[in-house]
Structure formats: C-alpha cells, structure tokens
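Now for the letters of each chain:
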Amino acid sequence: MSKPEREFFPVTDVDFTVCPGGDPKIVERILAADPGTGVATRILRYEPGADSTPMGVQKHDFWEEVYILEGSFTDLTLGKTFVKGMYACRPPGMPHGPWRTDEGVVTFEVRYRA
C-alpha cells in the first residue's frame, strides 16, 4: 500500500482532528496517509499553551521531516526553542520532545519509510 494519488486541492478541505494522546490543543490535518505503514504527510498545530509532556519523548520507526510554518515551540528535553522557518530531519529512532508552546505553532511534516 502507499499514500493515495492526489492532485492539487485546498488543504482547508481536510479537517483538523485531535492527535493520538487526546489533547484537544494538539491537532493534525492529514493530507495523505498510508494506512498499511502509518506514514503520513500532515499539518500539525499546537494551540497556545499546548504541552505534550503526557506523551513523553517520541521515537518513531520511520523518517520524519518537519518544517515550522508559524510560531514556535520548545523541546523540553533539549531546552531549546525552535521557530518559524526552521527545519528538522529525523531518522528512525531519534528521540525528540516533549514539546510546549506559549504562542502556538504550525508545522508541515512528511513521514516515510527508508
């Protein structure tokens, strides 16, 4: 299986849904996903004051690329804040987070298998 073929469309046609973990301040807009592997392309939004501490440090079995479109958030483990225009490329198994944001943040993410 793979992500579906999609021609250009307004991303606003896709609703935001609450991310796994259940915090209503952390939502995602899944643009394309492969249900067989769980990889996806998404827009992730943390509302102001969102904190992913209950979800702990994250590690995935897939590659993840993240570009910050708006706002900022802080990796609480690293004690570093990342802002609009910054990019990350994480190989499988790379620990990251948990995250907190005061102003809110919106990211564009692509996940894939090697």
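All figures in this text were calculated on a predicted structure; none of them were measured in a lab. (Residues numbered from 1 in each chain as written. Predicted model: local features only at pLDDT ≥ 70, side-chain atom pairs only at ≥ 80, totals over all residues. Heavy atoms only, no water.)

(A) Region of the structure containing the overall build of the protein. Across its full length, the protein holds 0 helices and 8 strands. Listed N to C, the secondary structure of the protein is β-β-β-β-β-β-β-β in terms of helices and strands. For the protein, the C-alpha radius of gyration of 14 Å lies close to 13 Å, the compact-globule estimate for 114 residues. Every one of the 114 residues in the protein was classed for burial, and the buried ones make up 33%. (Helix = DSSP H or I, 4+ residues; strand = E, 2+ residues; numbered from the N terminus. Rg over C-alpha atoms; globule rule 2.2 N^0.38 Å. Buried < 20%, exposed > 50% of the residue type's maximum accessible area, 1.4 Å probe, protein only.)

(B) Region of interest: the UniProt feature "domain: ChrR-like cupin" (unreviewed entry) in the protein. Sites flagged by UniProt as "domain: ChrR-like cupin" (unreviewed entry) map to residues 27-108. Structurally, residues 27-108 is divided into 0% helix and 50% strand, and its ends, taken at the C-alpha atoms, are 12 Å apart. (UniProt positions renumbered as here; feature names shortened; annotations may be inferred.)

(C) Inspection of the packing of aromatic side chains at higher detail. Evaluated as defined, the whole model comprises 4 aromatic pairs. Both rings, one in Tyr46 and one in Phe73, keep their centres 5.8 Å apart while their planes meet at 85°; by these two values the pair is edge-to-face. Taken together, the positions of Tyr46 in strand E3 (residues 40-46) and Phe73 in strand E4 (residues 63-75) put the pair 27 residues apart, joining distant regions of the chain. Across this residue pair, the class does not change: Tyr46 and Phe73 are buried. A ring pair is formed by Trp63 and Tyr112, whose centres lie 6.3 Å apart and whose planes are at 5°; its orientation type is stacked. Taken as a pair, Trp63 in strand E4 and Tyr112 in strand E8 (residues 105-112) lie far apart in primary sequence, 49 residues in all. In this structure an aromatic cluster arises from ring pairing among Tyr46, Phe73, Phe82 and Trp99. For the cation-ring pair, Arg6 lies above Phe9, with the distance from its terminal atom to the ring centre recorded as 3.8 Å. (Phe/Tyr/Trp six-rings, centres within 6.5 Å; stacked < 30°, edge-to-face > 60°. Lys NZ or Arg CZ within 6 Å of the ring centre and 35° of its normal.)

(D) Spotlight on the nonpolar core. In this structure, Cys19, Ile26, Leu44, Tyr46, Ala50, Ile68, Phe73, Trp99 and Val105 together form the largest nonpolar core, which totals 9 residues. Every element with two or more residues in this core is listed here: E3 and E4. If near-sequence neighbours (up to four positions away) are discounted, Ile68 is found in contact with Phe73, Phe82, Val83, Lys84, Gly85, Met86, Val105, Val106 and Thr107. (Core = buried A, V, L, I, M, F, W, Y, C linked by side-chain atoms within 4.5 Å. Contact = heavy atoms within 4.5 Å.)

(E) Structural context of the pattern of salt bridges. Counted by the stated rule, this structure contains 8 salt bridges. The structure contains a network of salt bridges with shared partners spanning Glu28, Arg42, Glu64, Arg90, Glu109 and Arg111. (Salt bridge = Lys/Arg side-chain N within 4 Å of Asp/Glu carboxyl O.)

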